[in-house]
Amino acid sequence: EMLDAVRPTGSSNFPLMGEKTTLWEGSMRVPAFISGKGVEGGRVSDTLVHITDIFPTIAGLLGVSGKLPGWLDGVDRSGVLQGEIESREHFVYDLDPVYRHAAIREGRWKLIVGEPAMNLMRSRRPPLEDEEVSYVKKEDELSWGGMYGRVAGLIHQFQERMEGVEVVCGSMEDCFDTDVIALYDVSVDPLEFNNLAEQEPEVVERLSGLLWKHTQEGLVMPINFYDPPDPSSNPNNFNGTWMPWTEDEY
């Protein structure tokens, strides 16, 4: 049955570190493939691509990228698909002043500010060669009343604790937990074992500045984070499709 296949972590991207809702590569890094007219086939590329690039890239293949609004986060990467050598300089993983963490990638460097994992199970590291690791969990953790009941309880406690608290984001220290810094060279350390923040202070300073620039320019504050779910938004009302359900402004 489906319950027998539920993982207590909610996901697995082994051997990468972490799971869903974290800032580790196991939550963020996925393979992708694309084929079609105008796409040079038979190639493998390790260039940086973000999910926000998909829409501008399709527009580029159709020759209409010039009509897109300038505020889009994504970048037209159609040149990569056509065999051109092209590189995305950097992208932001997340900017979250509620959980007080953020992350950015530039070339081989990845900077994480704040705790990378705020979920129930935190982060799961890949086993080292001399470790014996078992992912077999207790029966109650594989049930909706076990694992997911505890997750729902923790979320409720968090919301109660944060009720009435205004999220202030006037500086890096206001927005994020800057006492926790991690820097990884993911080109040689994709498993994120070796924190190089102390060895590379100039890289940390540069990426922190870039992260703060994006925070100032593009952060959307969570104005409706604590609103109760609206039952009219249920996809069952729209033939199982997620779609806009209200004309109210948020």
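These figures come from a predicted structure and were not determined experimentally.

*Asks:* Could you clarify how one ought to interpret the sheet that holds strand β2 (residues 101-106) in this entry?
*Replies:* Either a parallel or an antiparallel arrangement is found when strands of a sheet pair, and the pairing is made through backbone hydrogen bonds. Across the sheet, which stays open at both edges, the four strands sit in the order β1-β2-β3-β4 with antiparallel pairing between neighbours. With partners counted over all chains shown, the strands left at the sheet margins are β1 (90-96) and β4 (181-185), one partner each. Ignoring strand direction, the axes of neighbouring strands in this sheet form an average angle of 10 degrees. Sheet analysis places β1 next to β2, joined by six bridges and oriented antiparallel. The residue of β2 that forms the bridge with Asp 96 is His 101. Each of β1, β2, β3 (109-113) and β4 touches helix α6 (residues 201-218); the most contacted strand, β2, lies at about 115 degrees to it.

*Asks:* Would you explain the packing of aromatic side chains in this entry?
*Replies:* Two descriptors summarise a pair of aromatic rings, namely the distance from one centre to the other and the angle between the planes of the rings. Throughout the structure, instances matching the rule amount to two aromatic pairs. Across from the ring centre of Tyr 93, 4.6 Å away, lies the NZ or CZ of Lys 110, which sits over that ring.

*Asks:* I tried to follow the environment of Asp 189 on my own but got confused; where do I start?
*Replies:* Along the chain, Asp 189 falls in the loop between β4 and α6. Classification of Asp 189 by relative accessible area gives buried; the value is 8%. Those residues in contact with Asp 189 that sit more than four places away from it in its chain are Tyr 184 and Asn 194. A polar contact is formed between the side chain of Asp 189 and the backbone nitrogen of Phe 193, at a distance of 3.1 Å.

Analysis parameters
- Residues numbered from 1 in each chain as written.
- Predicted model: local features only at pLDDT ≥ 70, side-chain atom pairs only at ≥ 80, totals over all residues.
- Heavy atoms only, no water.
- Pairing = 2+ DSSP bridges.
- Helix = DSSP H or I, 4+ residues; strand = E, 2+ residues; numbered from the N terminus.
- Axes fitted to C-alpha atoms, helices over the stretch in contact; angles between N-to-C directions.
- Contact = heavy atoms within 4.5 Å.
- Phe/Tyr/Trp six-rings, centres within 6.5 Å; stacked < 30°, edge-to-face > 60°.
- Lys NZ or Arg CZ within 6 Å of the ring centre and 35° of its normal.
- Buried < 20%, exposed > 50% of the residue type's maximum accessible area, 1.4 Å probe, protein only.
- Polar contact = N/O pair within 3.5 Å; in protein donor to acceptor, adjacent residues only side chain to side chain.

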